[in-house]
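Overview (structure and organization)
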Amino acid sequence: MLIKEYRSGREFAGRLDHGSDLFLSLMRLVEEKDIKMGIVKVIGACKKAVVAVYDQEKKAYHTVALEKPMEILSCVGNISSFQGKPALHLHIVLGDYDGKAFGGHLMEGTEVFAAEFYIKELVGDPLERKYDEITGLNLWS
Ligand code: ZN
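First things first, this report covers the structure right here in the doc. Quick caveat, the model's predicted, so the values are computed rather than measured.

1. What about the overall build of the protein?
Helix and strand content of the protein: one helix and nine strands. Against the globule reference of 14 Å for 141 residues, the protein gives a C-alpha radius of gyration of 15 Å, in line with a compact fold. The principal-axis extents of the C-alpha atoms in the protein amount to approximately 45 × 40 × 20 Å. Look at the contacts in the protein between residues 6 or more apart in sequence, and 69% of them connect residues 24 or more apart. For the protein, the accessible area works out to roughly 8,600 Å², and carbon and sulfur atoms hold 54% of it. Looking at charge distribution, the protein has the averaged site of its 18 positive side-chain charges lying 2 Å from that of its 21 negative ones.

What follows is the structure in structure tokens.
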């Protein structure tokens, strides 16, 4: 197990612009506020979404494009770094007009209808992502 202890840092809350890209908007915010470690939560709605699911056998992401308006029921994740750059890792659960749920690892291409975010900064020695041979993922190390 890997574990580090952090103190609470700055907290941010706000609303993303209509028509913006969910992932890219949050990434821009992380860069502008220079957040090294943190927790992200978003709720709202999107016009369409792109998520990915990791194929554990092939060690590759399988992308799923969801071309319909949906609620962002829950989007949670974390901020750390990979190769000296900010790494934003978000998962999302979306609900359609029939109440069906879809989800996965959030990718670029998710168009915001309306979205409210909350980011909490964690202060301490930031976690770095490194390539992991066993899983093929860039994991905290
Ligand atoms: Zn993921």
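2. Digging into unusual backbone geometry
One non-glycine residue, K59, adopts positive backbone phi at about 55°. Considering the arrangement of structural elements, one finds K59 in the loop between β2 (38-55) and β3 (60-66).

3. Considering the environment of P126
By the secondary structure assignment, P126 is in the loop between β7 (111-123) and β8 (128-131). When the C-alpha atoms of P126 and I35 are compared, they prove to be 9.8 Å apart, with 91 residues separating the residues in sequence.

4. Regarding the nonpolar core
Burial of nonpolar side chains together is a common tendency in soluble globular proteins. Core analysis: the largest hydrophobic core is formed by 28 residues, its most contacted members being L22, L26, L88 and L94. Breaking this core down by element, the ones donating at least two residues are β1 (7-16), α1 (22-33), β2, β4 (70-82), β5 (85-95) and β7. With six residues, α1 is the single largest residue contributor to this core.

5. A word on the coordination of the zinc ion
H89 (NE2), H91 (NE2) and H105 (ND1) make up the full set of protein donors to the zinc ion, lying at 2.0 to 2.1 Å. The class of H89 is partly exposed, set by a relative accessible area of 24%.

6. Structural notes on the environment of L106
For L106, the position within the fold is in strand β6 (residues 101-106). Here L106 falls in the buried class, since its relative accessible area comes to 2%. Placed 55 residues apart in sequence, L106 and V51 show a C-alpha to C-alpha distance of 4.7 Å. Other than its neighbours up to four places away in sequence, L106 contacts L22, F23, V50, C75, L90, H91 and I92.

7. Some thoughts on the side chain of D21
With respect to the helices, strands and loops of the structure, D21 is situated in the loop between β1 and α1. R28 provides the closest opposite charge to the buried, unpaired D21, separated from it by 7.4 Å. Here F23 takes part through its backbone nitrogen, which lies 3.1 Å from a polar atom of the side chain of D21. Not counting the four nearest positions on each side in its chain, D21 is found in contact with E108, G109, T110 and V112.

Procedures and definitions
Residues numbered from 1 in each chain as written. Predicted model: local features only at pLDDT ≥ 70, side-chain atom pairs only at ≥ 80, totals over all residues. Heavy atoms only, no water. Helix = DSSP H or I, 4+ residues; strand = E, 2+ residues; numbered from the N terminus. Rg over C-alpha atoms; globule rule 2.2 N^0.38 Å. Contact = heavy atoms within 4.5 Å. Areas by Shrake-Rupley, 256 points an atom, 1.4 Å probe, with all protein chains shown as cover. Lys, Arg positive; Asp, Glu negative; His and termini not counted. Charge placed at Lys NZ, Arg CZ, Asp CG, Glu CD. Core = buried A, V, L, I, M, F, W, Y, C linked by side-chain atoms within 4.5 Å. Buried < 20%, exposed > 50% of the residue type's maximum accessible area, 1.4 Å probe, protein only. Donors = N, O, S within 2.8 Å, 3.2 Å for Na, K, Ca; no water. Salt bridge = Lys/Arg side-chain N within 4 Å of Asp/Glu carboxyl O. Polar contact = N/O pair within 3.5 Å; in protein donor to acceptor, adjacent residues only side chain to side chain.

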